[in-house]
Amino acid sequence: MKQIALTAAATITAWLMAGCGSYPAPNGRLADSQASVRAAQEVGAQNNPQAALHLKLAQEQIDQAKALINDGDNKRAEFVLLRAEADAELAVALARESTARAEAQQALDELKSLKSGDRK
């Protein structure tokens, strides 16, 4: 009776350890990271040096995460994809800031032009 209980306990323990050891592939996180990179590209992140750097980092991290997924290291891949998504979102923010600054400067220049035209 003890032998059966020990065998059952060992089998259940092995089964639980195998189940806990697996980590699902972060396919959703991969898709989110890739979408963030596309968003950065669409707002012109490659035209701003700081944004371009973060865009490049995000792309490299996605490539690294894909390799980790292929190696079965899904947990680490998910963390790398989190960094990739953060870098891509930062690239979006930097690109938008750059665009907003340029538009603000253009508006100021137009205002100065109108003011100088009124004085003549």
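Residues numbered from 1 in each chain as written. Predicted model: local features only at pLDDT ≥ 70, side-chain atom pairs only at ≥ 80, totals over all residues. Heavy atoms only, no water.

The protein chain is annotated in an unreviewed UniProt entry as DUF4398 domain-containing protein from Pendulispora rubella.

**Overview of helix H3 (residues 49-70)**
Structurally, the α-helix is built with 3.6 residues per turn, so residues lying three or four positions apart point the same way. Put simply, the rule is: Where helices and strands are cited, they refer to DSSP runs of H or I of at least four residues and of E of at least two residues respectively, numbered from the N terminus. Here, expected helix span is obtained from the residue count minus one, scaled by 1.5 Å. We call a residue buried when its accessible area falls under 20% of the maximum for its residue type, exposed when it is over 50%, and partly exposed in between, using a 1.4 Å probe and counting protein chains only. Directions pointing from the helix axis toward each C-beta atom define the arc. Definition of a polar contact: a pair of N or O atoms within 3.5 Å, with one able to donate and the other able to accept a hydrogen when the atoms are protein atoms, and with sequence-neighbouring residues admitted only if both atoms are side-chain atoms.
With 22 residues, H3 extends 32 Å between its outermost C-alpha atoms, agreeing within 8% with the 32 Å of an ideal straight helix rising 1.5 Å per residue. Regarding H3, the residues found buried are Ala51, His54, Leu55, Ala58, Gln61, Ile62, Ala65, Leu68 and Ile69. Seen along its axis, H3 keeps its buried residues to an arc of 140 degrees; they face one direction. With respect to the buried face of H3, the exposed residues turned more than 90 degrees away are Pro49 and Asn70. The residue sitting at the N-terminus of H3 and contributing the capping side-chain oxygen is Asn48; that oxygen lies 3.0 Å from the backbone nitrogen of Gln50.

**Quick notes on the pattern of salt bridges**
Convention followed: Definition used for salt bridges: Asp or Glu carboxyl oxygen within 4 Å of a side-chain nitrogen of Lys or Arg.
All told, the structure shown has three salt bridges when counted by the stated rule. The shortest N-O distance in the salt bridge between Arg29 and Glu85 comes to 3.3 Å. On the criterion of sequence distance, the pair formed by Arg29 in helix H2 (residues 27-42) and Glu85 in helix H4 (residues 74-119) is long-range, its members being 56 residues apart. Using a relative accessible area of 25% as the deciding quantity, one classes Arg29 as partly exposed. Judged by relative accessible area, Glu85 falls into the buried class, the value being 14%. As a salt-bridge pair, Glu60 and Lys56 come within 2.6 Å of each other at their nearest N and O atoms. Of this pair, Glu60 and Lys56 both sit in helix H3, separated by four residues, roughly a single helical turn. In this structure Glu60 comes out as partly exposed when scored by relative accessible area, which is 38%.

**With respect to the packing of H2 against H3**
Stated precisely, the cut-off is as follows: Helix axes are fitted only over the stretch in contact, all axes being lines through C-alpha atoms; the angle between N-to-C directions runs from 0 to 180 degrees. For classification, angles of less than 35 degrees are called roughly parallel, those exceeding 145 degrees roughly antiparallel, those between 65 and 115 degrees roughly perpendicular, and all remaining angles oblique. Note on convention: the crossing is left-handed when the near helix lies turned anticlockwise from the far helix by less than a right angle, right-handed when the turn is clockwise. Residue contacts are counted whenever heavy atoms from the two residues lie within 4.5 Å of one another. Residues were grouped as follows: Ala, Val, Leu, Ile, Met, Phe, Trp, Tyr, Cys and Pro as nonpolar; Asp, Glu, Lys and Arg as charged; and all remaining residues, including Gly, as polar.
It is the contact of H2 with H3, at a shortest axis distance of 10 Å, that shows an interaxial angle of 155 degrees. With respect to H3, the axis of H2 lies roughly antiparallel. The hand of the H2/H3 crossing is left-handed. Between H2 and H3, the residues in contact are Leu30, Ser33, Gln34, Val37, Ala40 and Gln41 and Leu55, Ala58, Gln59, Ile62 and Lys66, respectively. Of the residues assigned to the contact of H2 with H3, the class counts are six nonpolar, four polar and one charged.

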